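# Structural features, examined
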Amino acid sequence: MNPNTVSFWHETVDLTQPRPALAGPVDVDVAIIGGGFCGLSTALYLKRAQPGLRVAVLEQRVCGYGASGRNGGFAMTLFGLTMEILKLRFGATAVREAQDFMEAAVDHVGTLVREEGVECDYHHGGLLTVATSKGGARRLQNETRLANRLGIAGIHYLSAAETRRRVNSATYLGARVEDNCATLNPAKLSRELLRLAEAAGAEIYEETPVTAVRVGPPGGPVLLRTPRGRVRARKLLFATNAYGIQFPQLRAKQVPVGTYIVLTEPLTPAQLGPIGWANREGIEDSPNFVHYYRLTAHNRLLMGGGDVTVPTGTNLPPDHAPGIFRHLEEHLKLTFPSLRDATITHRWGGPVSVTVDMAPAFGWLGRDDRRVAYALGCVGHGVAMMSYSGQLLRDLLLERKTALTDLFFVNRTTIPWPPEPLRMLAGAAIHGYMYLEDGAARRQVAQNADGAGSGQVVGAPVG
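Note that the coordinates shown come from a computational prediction; the quantities given were computed from them, not determined experimentally. (Residues numbered from 1 in each chain as written. Predicted model: local features only at pLDDT ≥ 70, side-chain atom pairs only at ≥ 80, totals over all residues. Heavy atoms only, no water.)

### Here we look at the overall build of the chain
This is how it is decided: Counting from the N terminus, the helices are the DSSP runs of H or I reaching at least four residues and the strands are the DSSP runs of E reaching at least two. All radius of gyration figures rest on C-alpha atoms, and the globule criterion is 2.2 Å times the number of residues raised to 0.38. When a residue's accessible area, from a 1.4 Å probe over protein chains only, is under 20% of the maximum for its type it is buried; when over 50% it is exposed; and in between it is partly exposed. Should any heavy atoms of two residues lie within 4.5 Å, those residues are considered in contact.
Helices and strands together make up the secondary structure of the chain, namely 11 helices and 18 strands. Relative to a compact globule of 463 residues, whose C-alpha radius of gyration would be 23 Å, the chain shows 22 Å and is just as compact. Each principal axis of the C-alpha atoms in the chain carries an extent, and together these give about 70 × 45 × 45 Å. Residues classed as buried in the chain amount to 59% of the 463 residues present. In the chain, the proportion of contacts linking residues at least 24 apart, taken out of those at least 6 apart, comes to 76%.

Following this line, the structure appears as structure tokens:
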């Protein structure tokens, strides 16, 4: 497959001349499997910390081919699913710790743009998480109160009227505003991280799938096989996220889930006029299966989410899901009637990494064996997180004890996914429950939109 055809973002960067594939044997200090945000940022910060290290990134396609080049382009502070779920699983202290880490992660992307000359269509416009049902409004208000109790700044709640003055949709009943969020072109960010990692001296091998990983006796090297070469490494990082399903060492820690996006043609002032959206915020709604949407640099509207696909076994989800694409197109028109005639020019999808408890995990694979590290479980929120995680993983791989390596999600115990066929049944049950729970929200969105079309007053302000 031509990588330029995978997503709209890939069409905006040059992927026609990949770095040479690995040919023959190499010995390195650190081997990194995966050329996305995580692998490239780790290579960058390892080389800057210790320029004498030999660091090699092995990417099966081209850097940024996977989730790092197909996502919605939100650099956001969300860690896992919601603050409330995170509090139930890990406690209030973890919520604050995660928020501080993710605030630093979003700030880090801005620093790359300002200080490193990274060009990625960056726009720091904040995030609106909109309520489209009464239950969603209550949940967002509760999360706003939780954030305020924990002393988290830059988060507040808007009434329905206030929300619609910023972005006008009859489906909105209120919104939580978070100031620290940016939108960007993720494929451009991926390729810029590639540029920085190479400039620091990292070796990048594209079109180099790793076909086998052998971890020998303690104290010995880790051996990696590729179609035309062999790598012997003192340490290894799995920066594979959803693609970790291909490696037995990671299968119990996460599953790949497919998420999907549609994109409009560039919108005219007449089409955007009724909507407003002067601040060009990123937007998502508040059901379990969220819709997320934003404007690109050239006023295309991107809308993703709505539902997911869950594959079986060691399969990756399909890149295309016609039923979900149809739903997204219908939801776009329901949310913004002025776009009912807008042409959809692109449709694509890709896998994200999901842990049982919906929270990211970083650490060593062995309890006492510090040779193989991993990072996974972004749950679709990895733009800022994984671009910044190179600093955390640098410290982990160099065996430094720092504030980053002491975070609660580093070397945490992950709940294992069961083997097949139980994994398939568990995934189907979780998906079915979440989709059923969203049913009331879907019905209320349609009612609000219908009420607006008939001239009825809908969505009384939620204070």
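### Thoughts on the nonpolar core
Cut-off, in case you're wondering: Buried Ala, Val, Leu, Ile, Met, Phe, Trp, Tyr and Cys residues form a nonpolar core when they are joined through side-chain atoms within 4.5 Å.
In this structure, Phe101, Leu189, Phe362 and Leu392 are the most contacted members of the largest nonpolar core, which totals 61 residues. Here this core gets 9 residues from one element, more than from any other, and that element is helix 9 (residues 382-397). Not counting the four nearest positions on each side in its chain, Leu189 is found in contact with Phe37, Leu112, Val118, Cys120, Leu184, Val383 and Ser387. Residues Leu267, Ile275, Leu332 and Ala342 belong to the second largest nonpolar core, which totals 27 residues.

### Quick notes on empty space enclosed by the protein
Applicable threshold: Using protein atoms alone on a 1 Å grid, points that fit a 1.4 Å probe yet trap it form a cavity, whereas open point sets bounded by protein on both sides within 12 Å along at least five of seven lines form a pocket; residues with an atom within 4 Å of a point count as lining. Grid points are joined across faces, edges and corners, and a volume is the space filled by probe spheres set on the points.
Summed over all chains, the structure comprises 3 cavities of 30 Å³ or more. Of the pockets and cavities examined, the largest cavity occupies roughly 150 Å³. What lines the largest cavity is a set of 15 residues, among which Thr77, Leu78, Phe79, Met83 and Gln99 lie closest to the centre. Counting only elements with at least two residues in the lining of the largest cavity, the list comes to helix 2 (83-90), helix 3 (92-115) and strand 6 (174-178). With 3 residues, helix 3 is the largest single contributor of residues to the lining of the largest cavity. One number sums up the size of the second largest cavity: a volume of about 70 Å³. Around the second largest cavity, the lining is made up of 13 residues, and of these Val255, Val310, Pro311, Glu420 and Arg423 lie nearest the centre.

### Some thoughts on the side chain of His346
Short version of the rule: N or O atoms closer than or at 3.5 Å make up a polar contact, with two conditions inside protein: a donor-capable atom paired with an acceptor-capable one, and, for residues adjacent in sequence, both atoms drawn from side chains.
On the secondary structure map, His346 appears in strand 16 (residues 344-354). In this structure the side chain of His346 is engaged in a polar contact, spanning 3.2 Å, whose partner is the side chain of Glu11. If we ignore the near neighbours within four places in the chain, the residues touching His346 are Phe8, Glu11, Ile261, Val262, Leu263 and Arg300.

### Structural notes on the packing of helix 3 against helix 9
Our working definition: In this analysis, axes come from line fits to C-alpha atoms, helices being fitted only over the stretch in contact, and the angle between any two N-to-C directions falls in the range 0 to 180 degrees. Here is the rule for angles: anything less than 35 degrees is roughly parallel, anything more than 145 is roughly antiparallel, 65 through 115 is roughly perpendicular, and the remaining ranges are oblique. Here the term charged refers only to Asp, Glu, Lys and Arg, the term nonpolar to Ala, Val, Leu, Ile, Met, Phe, Trp, Tyr, Cys and Pro, and the term polar to all other amino acids, Gly among them.
Contact pair helix 3 / helix 9: the axes reach a minimum separation of 8 Å and the direction vectors enclose 100°. One finds that helix 3 runs roughly perpendicular with respect to helix 9. Across the interface between the two elements, Phe101, Met102, Ala104, Ala105, Val106, His108 and Val109 from helix 3 touch Ala384, Met385, Ser387, Tyr388, Gln391 and Leu392 from helix 9. When its residues are assigned to classes, the contact of helix 3 with helix 9 shows 10 nonpolar, 3 polar and no charged.

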